[in-house]
Amino acid sequence: MGRWDNYNDVEYKVHNLSRRDLFETVCYDNAYHTLEYIKHFYDTKRCKSKPNVQFKRLYNFLEFLYDVKENLNILKVDESIAEDFMYYMADKVCLKEVYITMCKLSCFYDYLIINGLIEKNPFMKVRKLSGQADRKSKQLSTNFITDEQIEKIKTNSPLHLNAYAMFSLSSGADVNTIQNLKWEHVSFDKRMVQSSDEKFFFNEYVSEQLQAMRDLRVKKGLDDCGYVFRSHIDANCNKNTPLTKTTIGEWCARLGDIIDVPNLRHLDFRHTAIRSFLSASGSVGMTSVIMNHKYLSTKARQFIVEENNDDLLQEYKDLCEI
């Protein structure tokens, strides 16, 4: 019945308020109770969009019952069926969408309970499970890069990877800055990058690598269209478009091979830079400013290695005479 498109919507020939084609296909109880639920939303003025948008997740569930569970009556759904649907959805959409869908269906079954049609909500358990999975997926999971791994990058990587990695580790620049960085944003005298309203700073070693990369392009007669980071393939250097995230991902994969980190991401460079500066300075506020991290004060515990910083933090506190 129908098909999944890229947005998890189900396309049908008829797109009307009642989704006639769907409700004429599923069993009577499933159509009746679902339509009564939609009517309830209209009567209480809680429906702010068309039903095919507002209730698309409920429609997806009706299709699941029809296609996968032999048109099972919606009142006979138990926790095992709810769990089956959760995993069915997890194969198609992101964890956030799975959680939202479980919440919507849990509300629907609460409605059925209130109206005396069932006694237990089968979606309470999977709502909790999908919520936990969604929160876990958002937790910080960083490959903090060690000094030994940094030395491997310096020793074993080609110039374009070395410059990218060391600039990222020194400046803590986000991926958008890397993509769009132009030479006009770079001040070698101040060892600073000013992009939009943000400033990033880099060390002497990075300055040397950037200069070497620029000189090599001049020597080869390559036009980089003013961009600092370009594809390492000479034929693609002169494309007047920002570096793609796909290319950055390929660079991270290559660097990951060099330092034995198979799932290396650009974010690992930024988080390593934040941790390094925070550990060296002991100042959340200064790190937040220099690394352009607006919310570091609420996330500092995730970056600082407290057992290694007690003396430094005490010294910093004493310096402030508090």
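Preceding this paragraph is the structure being described.
Described in the following lines is the structure provided in the data block. (Residues numbered from 1 in each chain as written. Predicted model: local features only at pLDDT ≥ 70, side-chain atom pairs only at ≥ 80, totals over all residues. Heavy atoms only, no water.)

So, about the overall build of the protein chain. The helix and strand inventory of the protein chain stands at 16 helices and three strands. For the protein chain, buried positions account for 43% of its 322 residues. Long-range contacts, defined as pairs at least 24 residues apart, comprise 58% of the intrachain contacts of the protein chain with a sequence gap of at least 6. (Helix = DSSP H or I, 4+ residues; strand = E, 2+ residues; numbered from the N terminus. Buried < 20%, exposed > 50% of the residue type's maximum accessible area, 1.4 Å probe, protein only. Contact = heavy atoms within 4.5 Å.)

For helix α12 (residues 245-259), built from 15 residues, the straight-helix expectation of 21 Å at 1.5 Å per residue is met to within 8% by its first-to-last C-alpha distance of 21 Å. Buried within α12 are the following residues: T247, I248, W251, C252, L255, G256, I258 and I259. As for α12, its buried residues are in contact with α8 (147-156), α9 (159-171), α10 (175-180) and α13 (266-281). Of the residues trailing α12, D260 is marked for its positive phi of about 65 degrees. (Expected span 1.5 Å × (residues − 1).)

It is a general feature of regular strands that their side chains alternate between the two faces of the sheet. For strand β2 (residues 192-195) and strand β3 (residues 198-201), the ladder comprises four bridges, and the chain directions are antiparallel. In the sheet register, S195 faces β3, and the bridge partner there is E198. Hairpin connection of β2 to β3: two residues between the antiparallel strands, including S196 at a positive phi of 60 degrees. (Pairing = 2+ DSSP bridges.)

Moving on to the nonpolar core. Within the largest apolar cluster, 34 residues are counted, with the highest numbers of intra-cluster contacts made by Y164, F167, L210, F229, L255 and F269. Contributing elements (two or more residues each) for this core: α8, α9, α11 (204-220) and α12. A per-element tally of this core places α9 first, with seven residues. Sequence-distant contacts of F167, defined by excluding residues within four places in its chain, comprise G172, A173, I178, L181, V193, F202, V206, L210 and F229. F23, A31, L62 and Y111 belong to the second-largest nonpolar core, a separate cluster that totals 32 residues. (Core = buried A, V, L, I, M, F, W, Y, C linked by side-chain atoms within 4.5 Å.)

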